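Each chain is listed here by its residues.
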Amino acid sequence: MFDFVLDPAYRLIDALSHATGAGLAIVLVTLAVRLALLPLSIRVARAQRVRVRLAPQVEKLRKRWQKDPERLMREVNALYAAEGTSQFAGFLPGFAQMPFFMVTYRLFTTVTIAGHPNLLLAQGVLGVPLGEHLGAAVAGAGLFSPPVVVFAVLLALLTVVAVFAARRVEPAAPMRRLQVLLPFWTVLAAAFLPLAAGVYLLVSTAWATAERAVLYPRAA
């Protein structure tokens, strides 16, 4: 059903993997995706600065129209629109990269693509197939086997990135507790997803965390 998307992605990663190895090919494709999304991230950073500046006006609107939620929503949306942004602009990068993540996941869980065998499943990182799952590695090779060690290193790196991202959440941020916990979803996800998807998550979240450190220098 999704072969029209999977087949070009498969051919791209397969071609790169012959020159760089499958793991590095995923890293390069992920970096290309994040680079393509950089303009969106810059737009979100601008929207954040606008939100901070408009916060007093938004609070006045809330007090004025607290008994009329529909009118409040219209007034707040109009206020943001006048500044050329939206109160939901911060979700754009996350939504924009979801299709790329889903394609990566399907590439390493689908046995056949466009009618031919998916040879990417046989490629690996440090001898661990990119389609392998942590649970299967533990069941098949044992808790202290090399494949499990590779997954452990991946999870450890994701944890480091998540800790760094959590520390950058401002003390006065709305729903701060949730924002602090949110970066750790990647660690949980990688424990159940194929190794390839975990590599994608590691590179993408590391980029996003570094990007935020540059675009929001006062958030530390």
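Preceding this section is the structure that the text describes.
Parameters at a glance
- Residue indices follow the written sequence of each chain, beginning from 1 at its first position.
- Residue-level local features of this predicted model are given only where pLDDT is at least 70; pairs of side-chain atoms are given and counted only at 80 or more, and the full residue set underlies all totals for whole chains, interfaces and linings.
- The side-chain quantities take in all heavy atoms of the structure and omit both hydrogens and water.
- Lines fitted to C-alpha atoms define the axes here, with helix axes fitted over just the stretch in contact, and angles between the N-to-C directions of these axes take values from 0 to 180 degrees.
- Only DSSP runs of H or I covering at least 4 residues are called helices, and only runs of E covering at least 2 are called strands; the numbering of each starts at the N terminus.
- The scheme is simple: roughly parallel for angles under 35 degrees, roughly antiparallel for over 145, roughly perpendicular for 65 to 115, oblique for anything else.
- The handedness criterion is simple: a crossing whose near helix is rotated anticlockwise from the far helix by less than a right angle is left-handed, and one whose near helix is rotated clockwise is right-handed.
- In what follows, a contact means two residues having at least one pair of non-hydrogen atoms within 4.5 Å.
- Residue classes follow a fixed rule: Ala, Val, Leu, Ile, Met, Phe, Trp, Tyr, Cys and Pro count as nonpolar, while Asp, Glu, Lys and Arg count as charged, and any other residue, Gly among them, counts as polar.
- By definition, a salt bridge exists where a carboxyl oxygen of Asp or Glu is found within 4 Å of a side-chain nitrogen of Lys or Arg.
- The buried label applies to any residue whose accessible area, calculated with a 1.4 Å probe on protein chains only, is under 20% of its type's maximum; exposed applies above 50%, and partly exposed to all values in between.
- In a helix, the anticipated span is given by 1.5 Å times the number of residues less one.
- A residue's bend is given by the angle between axes fitted to the 7 residues ending at it and the 7 residues starting at it.
- Distance and chemistry together define a polar contact, namely a pair of N or O atoms within 3.5 Å, with one atom able to donate a hydrogen and the other to accept it when in protein, and with adjacent residues in sequence counting only for side-chain atoms on both sides.
- Take the buried residues of types Ala, Val, Leu, Ile, Met, Phe, Trp, Tyr and Cys, join any two whose side-chain atoms come within 4.5 Å, and each joined set is a nonpolar core.

**Side note on the packing of helix 7 (residues 146–167) against helix 10 (residues 195–215)**
Between two packed helices, what matters for the description is the angle formed by their axes and the separation of those axes. In contact at an axis separation of 10 Å, helix 7 and helix 10 are set at 25 degrees when each is read in the N-to-C sense. Between helix 7 and helix 10, the angle falls in the class roughly parallel. Between helix 7 and helix 10 lies a crossing of left-handed hand. Taking contact as the criterion, the partners of V150, F151, L154, L157, L158, V161, F164 and A165 in helix 7 are, on helix 10, L195, G198, V199, L201, L202, T205, A206 and T209. For the contact of helix 7 with helix 10, the per-class residue count stands at 13 nonpolar, 3 polar and no charged.

**A closer look at the pattern of salt bridges**
Here the structure, examined in full by the defined rule, presents 3 salt bridges. Residues R11 and D7 are paired through a salt bridge, measuring 3.1 Å at the closest nitrogen-oxygen approach. Highlighted residues: R11 and D7, both in helix 1 (residues 3–20), separated by 4 residues, approximately one helical turn. Residue classification places R11 among the exposed residues on the basis of a relative accessible area of 52%. Residue classification places D7 among the buried residues on the basis of a relative accessible area of 16%. Two residues, E211 and R34, come together in a salt bridge whose shortest N-O distance is 3.7 Å. Within this pair, whereas E211 is found in helix 10, its partner R34 is found in helix 2 (residues 22–36), the two being separated by 177 residues in sequence. Of the two residues, E211 and R34, neither departs from the other in class, the shared state being buried.

**Regarding helix 3 (residues 38–64)**
Helix length check: helix 3 (27 residues) gives 37 Å between terminal C-alpha atoms against 39 Å at 1.5 Å per residue, within 8%. For helix 3, the principal kink sits at L54 and spans about 55 degrees; a proline, P56, occurs within the next four residues. What helix 3 keeps buried is the set S41, V44, A45, A47, V50, L54, V58 and L61.

**Things to note about the environment of G142**
Here G142 lies in the loop between helix 6 (134–141) and helix 7. Under the relative-accessibility criterion, G142 is labelled partly exposed at 24%. Beyond its immediate sequence surroundings of up to four residues, G142 is in contact with A137 and V148.

**Re the side chain of T30**
Tracing the sequence through the fold places T30 in helix 2. A distance of 2.7 Å separates a polar atom in the side chain of T30 from the backbone oxygen of I26. Discounting residues that sit within four places of it in the chain, T30 has contacts with Y200, V203 and S204.

**A few points about the packing of helix 3 against helix 4 (residues 69–82)**
One can describe the packing of helix 3 onto helix 4 by two numbers: an axis separation of 10 Å at closest approach and a directional angle of 155 degrees. The orientation of helix 3 relative to helix 4 falls into the category roughly antiparallel. Judged by the sense of rotation from one axis to the other, the crossing of helix 3 with helix 4 is right-handed. Between helix 3 and helix 4, the contacting residues are R51, L54, Q57, V58, L61 and R62 on the first element and L72, E75, V76, L79 and Y80 on the second. Along the lines of polarity and charge, the residues of the contact of helix 3 with helix 4 split into 7 nonpolar, 1 polar and 3 charged.

**A word on the nonpolar core**
Among the nonpolar cores identified, the biggest contains 38 residues, and I26, L107, F108, L130, L158 and L195 are the most heavily contacted of them. Going through the elements one at a time, helix 1, helix 2, helix 5 (92–107), helix 6, helix 7, helix 9 (185–190) and helix 10 are the ones with two or more residues in this core. Residues within four places of I26 in sequence aside, it is in contact with F108, L130, A196, V199 and Y200. Grouped together as the second largest cluster of nonpolar side chains are 9 residues, L61, W65, L72 and Y80 included.

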